[in-house]
Amino acid sequence: MLKVKIICIGNLKETYFKNACAEYAKRLTAFCNFEIIELPEYRLSENPSQKEIDNALEKEAEKIISKISKGAIIYTMCIEGKQLDSVSLAQKISADTQTASEIVFVIGSSFGIADTLKAKSHFKLSMSKMTFPHQLARVMLC
């Protein structure tokens with residue numbers, strides 16, 4: 001059975017987001033082995049410099065990469081990614097599962113995802129030209 005992971009930086013804080021993700025996770029288990037992995041956000045100073053932000057993103061990327069199985073197909077969720085409709089995304093996932101048994105979606109912190117992790121990504125996906133809170137984006141991805 002296909003394994004699907006969502007690896008994300010930060011925890012869901014609102015109960016209604018937690019409940020929504022739990023409901024979708026329950027529904028998804030009929031189609032795949034589904035897992036959400038939450039990793040802590042790297043702590044930054046109140047007004048971080050770009051160097052501090054880049055360092056934090058690299059540290060987060062290391063943690064994320066350590067949770068990805070060898071041979072998994074990696075989809076990074078990023079603003080510069082390609083936008084797909086639901087049918088096209090389903091077709092992409094179906095095609096990718098011909099060569100891999102695991103798909104990993106990565107949602108970074110509010111500062112994004114390190115370029116080193118994006119370079120390892122097999123596909124960069126954007127949900128919309130609009131910006132959504134990370135917690136809502138996780139629900140939408142589920």
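Given the structure is predicted, the values throughout are model-derived calculations rather than measurements. (Residues numbered from 1 in each chain as written. Predicted model: local features only at pLDDT ≥ 70, side-chain atom pairs only at ≥ 80, totals over all residues. Heavy atoms only, no water.)

## Regarding the packing of helix H1 (residues 15-28) against helix H5 (residues 134-141)
Consideration 1: Taken N-terminus to C-terminus, the directions of H1 and H5 make an angle of 20 degrees; their axes are 9 Å apart at the nearest point. Classified by the interaxial angle, the pair formed by H1 and H5 is roughly parallel. Of the two possible hands of crossing, H1 and H5 adopt the one that is left-handed. Only Gln135, Leu136, Arg138 and Val139 of H5 make contact with H1, whose side of the interface consists of Phe17, Ala20, Cys21 and Tyr24.
Consideration 2: Grouping the constituent residues of the contact of H1 with H5 by class yields six nonpolar, one polar and one charged. (Axes fitted to C-alpha atoms, helices over the stretch in contact; angles between N-to-C directions. Helix = DSSP H or I, 4+ residues; strand = E, 2+ residues; numbered from the N terminus. Parallel < 35°, antiparallel > 145°, perpendicular 65-115°, else oblique. Left-handed = near helix turned anticlockwise from the far one by under 90°. Contact = heavy atoms within 4.5 Å. Nonpolar A, V, L, I, M, F, W, Y, C, P; charged D, E, K, R; others polar.)

## Examining H5
Consideration 1: Within H5, the full set of buried residues consists of Gln135, Ala137, Arg138, Val139 and Leu141.
Consideration 2: Packed against the buried residues of H5 are strand S1 (3-9), H1, strand S2 (33-39), strand S3 (73-83) and strand S4 (102-107). (Buried < 20%, exposed > 50% of the residue type's maximum accessible area, 1.4 Å probe, protein only.)

## Section: the sheet that holds S1
Consideration 1: Pairing within the open sheet is parallel, and its five strands lie in the order S2-S1-S4-S3-S5. Across the chains shown, the open sheet's two edge strands, defined by having one partner strand only, are S2 and strand S5 (123-126). Strand-to-strand twist of the sheet, defined as the mean angle between neighbouring strand axes without regard to direction, takes the value 30 degrees.
Consideration 2: Sitting on the sheet, helix H3 (residues 86-96) touches S3, S4 and S5, and the angle it makes with S3 is about 150 degrees. (Pairing = 2+ DSSP bridges.)

## Observations concerning the pairing of S3
Consideration 1: As judged from the five bridges shared by S3 and S4, these two strands associate in the parallel manner. Residue pairing across strands places Met77 opposite Ile107, the latter belonging to S4.
Consideration 2: In this region the chain leaves S3, passes through H3 and returns to the parallel neighbour S4; the handedness of that crossover is right-handed.
Consideration 3: Bridge count for S3 against S5 is five bridges, and the pairing is parallel. (Right-handed = clockwise from strand over helix to strand, strands pointing away.)

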